Amino acid sequence: MIEAKGYAAQSPTSGLAPFHFERRDARPGDVVVEIAYSGICHSDIHQVKDEWGQSMYPMVPGHEIVGRVTAVGADVTRFKVGDLVGVGVMVDSCRVCANCKAQEEQYCEKGFVGTYNAKGYDGVLVHGGYANNIVVDERYAHTLSPKFEDKLAAVAPLLCAGITTYSPLKHWKVGPGKKVAIIGLGGLGHMGLKFAHAFGAEVTLFTTSAGKEADAKRLGADEVVISKDKAAMEAQRSKFDFVLDCVSAPHDLNEYLGLLRLDGTLCLVGLPEEPSSVNSFSTVTNRRSLAGSMIGGMRETQEMLDFCAEHDIVSDIELIGVNKLEEAYQRVVKGDVRYRFVIDMKTL
Ligand code: NAP
Ligand code: ZN
């Protein structure tokens with residue numbers, strides 16, 4: 001086994017504390033990765049606190065991982081020792097179902113194996129990226145452009161916040177001539193602004209935070225609407241082709257469905273712990289669709305990383321040491337993240 005150290009939660013209320021554990025020895029198809037940086041996703045917080053009701057402890061969170069390959073199994077072909085590598089939300093899937101074959105492994109019919117808070121198909125609990133190393137099958141690792149070398153910390157959030165916004169914007173063909181709304185300026189939302197802008201759409205941010213307007217414009221928004229302002233919301237009614245909802249807490253979906261014009265789609269990527277209720281009148285008006293999207297497949301995640309390298313897109317981050325985890329979690333929950341916390345693993 002490979003010795004590992006990181007930070008783990010022991011229960012929904014324990015918080016995170018230092019934790020020593022073991023990773024599996026590298027199988028023939030595995031790479032061993034020394035983790036340099038790990039992003040903090042709001043999904044980590046939902047799961048550490050068991051807000052989705054399916055948490056397994058001890059839990060080492062983290063699924064926005066970048067680092068360097070330190071060893072490779074005998075059958076590995078895509079990586080060699082020293083290569084930069086990224087690991088996201090999945091570390092395995094069945095590989096043979098229709099969705100895996102279509103390279104949409106996030107919708108694997110058997111259920112993909114998450115990077116943490118999940119059991120591998122061998123029944124062993126797996127641990128995530130708030131740690132010094134990880135062992136992963138090369139099929140579930142991404143190559144990173146050498147262009148990322150000097151901004152690696154800001155690349156980590158692309159592995160979840162990046163792909164989770166890139167994938168639906170691509171799927172619903174967001175581009176020139178399309179009017180797009182991003183709801184919530186946090187980790188996902190700020191990547192949503194960057195991608196929608198890069199794809200050539202006209203982009204409006206809807207935010208509950210008045211203080212984020214200037215940042216939103218810098219990140220790619222053409223317009224900013226404060227969603228608490230009823231008159232401002234009313235003025236935006238039936239104007240948008242596509243709305244991407246990146247909100248982490250319960251909120252009224254009917255308000256945002258109302259933004260859609262004929263045949264528009266509201267896509268949920270945010271995963272609040274409470275269910276929402278939809279008034280049928282909100283969808284029958286303008287033949288609106290309510291949809292959802294989960295991360296992205298391995299092929300599309302690689303495509304997104306390559307797009308970011310080519311277009312010089314990374315996340316806007318605050319780099320922290322492991323001693324600041326508690327404070328970072330509190331700030332994310334308050335909506336006070338600018339716009340992703342990333343942990344420097346040298347501080348472990
Ligand atoms: P985050 O950084 O905390 O951002 C969430 C943003 O939502 C906040 O910054 C805030 O933006 C807004 N917000 C918070 N409370 C709100 C409320 N009560 N009403 C309206 N807006 C509110 O979180 P994140 O890491 O981007 O993740 C967002 C959500 O996506 C989480 O639920 C996460 O679990 C989920 N997620 C889903 C996937 C997927 O595959 N579908 C992948 C990753 C994450 P403003 O201040 O601008 O209002
Ligand atoms: Zn995530």
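Owing to the predicted nature of the structure, the values given are computational and were not obtained by experimental measurement.

K.L.:
What's the story with the coordination of the zinc ion (ligand 2) in this structure? I'm lost.
P.N.:
Tetrahedral coordination by four donors places them ideally at 109.5 degrees to one another around the metal; octahedral coordination by six donors ideally gives 90 or 180 degrees. Protein coordination at the zinc ion (ligand 2): the donors are C41 (SG), H63 (NE2) and C160 (SG), at 2.0 to 2.2 Å from the metal. A relative accessible area of 4% places C41 in the buried class.

K.L.:
Where do I start with the side chain of N133 in this structure?
P.N.:
Positionally, N133 belongs in strand β10 (residues 133–137). Engagement of the side chain of N133 in a polar contact is seen with the backbone oxygen of E3, the distance being 3.0 Å. Aside from chain neighbours lying at most four places away, what touches N133 is I2, E3, A4, R23, V33, E34 and I35.

K.L.:
Any chance you could explain the packing of aromatic side chains here in plain terms?
P.N.:
Describing an aromatic ring pair means giving the distance of the ring centres and the angle of the ring planes. Taken as a whole and judged by the stated rule, the model has 10 aromatic pairs. Plain terms: the ring middles of F19 and F21 are 5.4 Å apart, the flat faces sit at 15° to each other, and that makes the pair stacked. Across the pair, exposure class does not vary: F19 and F21 are buried alike. Summarising the aromatic geometry, the rings of F199 and F307 are spaced 5.4 Å apart at their centres and angled 70° between planes, so their arrangement reads as edge-to-face. Here the residue F199 occupies a position in the loop between α5 (187–198) and β13 (202–207), and F307 occupies one in helix α10 (residues 298–311), the gap between them amounting to 108 residues. Its relative accessible area of 14% is what places F307 among the buried residues. Ring-pair connections join several aromatic residues into one group, and the members of that group are Y166, F195, F199 and F307. Across the ring face of Y121, the terminal group of K110 is positioned such that the distance to the ring centre comes to 4.0 Å. The aromatic ring of F199 is capped on one face by K170, whose charged end is 4.9 Å from the ring centroid.

K.L.:
Help me understand the domain arrangement of the protein chain in this model?
P.N.:
Much of the literature gives interface size as the accessible area that the parts lose upon coming together. Taken as a whole, the protein chain is organised into domain 1 (2–160 + 314–347) and domain 2 (162–292). Computed over C-alpha atoms only, the centres of domain 1 and domain 2 are separated by 27 Å. Counting the surface lost from both domain 1 and domain 2, the interface buries some 1,500 Å², and carbon and sulfur atoms represent 48% of this. Put simply, domain 1 and domain 2 have 3 salt bridges between them. A salt bridge links K194 to D316; its shortest N-O distance comes to 2.6 Å. Partitioned by chemical class, the residues of the side of domain 1 that touches domain 2 number 8 nonpolar, 4 polar and 4 charged.

K.L.:
In this structure, what is going on with the site of ligand 1? I would like to understand it.
P.N.:
Every one of the 31 residues lining ligand 1 counts as a neighbour, but T207, T208, S209, K212 and R340 are closest to it. Between ligand 1 and I295 there is a distance of 2.8 Å, counted from an oxygen atom to a backbone nitrogen or oxygen. Separating an oxygen atom of ligand 1 from a side-chain N or O atom of R340 is a distance of 2.6 Å. Listing elements by their share of the shell around ligand 1, those giving two or more residues are α1 (42–48) and α5. No other element matches α1, which puts 3 residues into the shell around ligand 1. The residue makeup of the shell around ligand 1, split by class, is 15 nonpolar, 14 polar and 2 charged. Formed jointly, the shell around ligand 1 draws a minimum of three residues from each of two domains, domain 1 (2–160 + 314–347) and domain 2 (162–292).

K.L.:
Would you explain helix α4 (residues 161–171) in this entry?
P.N.:
Helical periodicity: at 3.6 residues per turn, an α-helix aligns residues three or four positions apart in one direction. Counted residue by residue, α4 has 9 buried out of 11 residues, so it is predominantly covered. Where α4 is concerned, the buried positions are A161, G162, I163, T164, T165, Y166, S167, P168 and L169. On its buried face, α4 sits against β12 (179–183), α5, β15 (240–245), β16 (260–268), α10 and β19 (340–344). Two residues or fewer past α4, K173 is found with a positive phi of approximately 55°.

Quick notes on the rules
Residues numbered from 1 in each chain as written. Chains lettered and ligands numbered in written order. Predicted model: local features only at pLDDT ≥ 70, side-chain atom pairs only at ≥ 80, totals over all residues. Heavy atoms only, no water. Donors = N, O, S within 2.8 Å, 3.2 Å for Na, K, Ca; no water. Buried < 20%, exposed > 50% of the residue type's maximum accessible area, 1.4 Å probe, protein only. Helix = DSSP H or I, 4+ residues; strand = E, 2+ residues; numbered from the N terminus. Polar contact = N/O pair within 3.5 Å; in protein donor to acceptor, adjacent residues only side chain to side chain. Contact = heavy atoms within 4.5 Å. Phe/Tyr/Trp six-rings, centres within 6.5 Å; stacked < 30°, edge-to-face > 60°. Lys NZ or Arg CZ within 6 Å of the ring centre and 35° of its normal. Domains from an automatic or database assignment. Buried area = accessible area lost by both parts, 1.4 Å probe. Salt bridge = Lys/Arg side-chain N within 4 Å of Asp/Glu carboxyl O. Nonpolar A, V, L, I, M, F, W, Y, C, P; charged D, E, K, R; others polar. Near = heavy atom within 4 Å.

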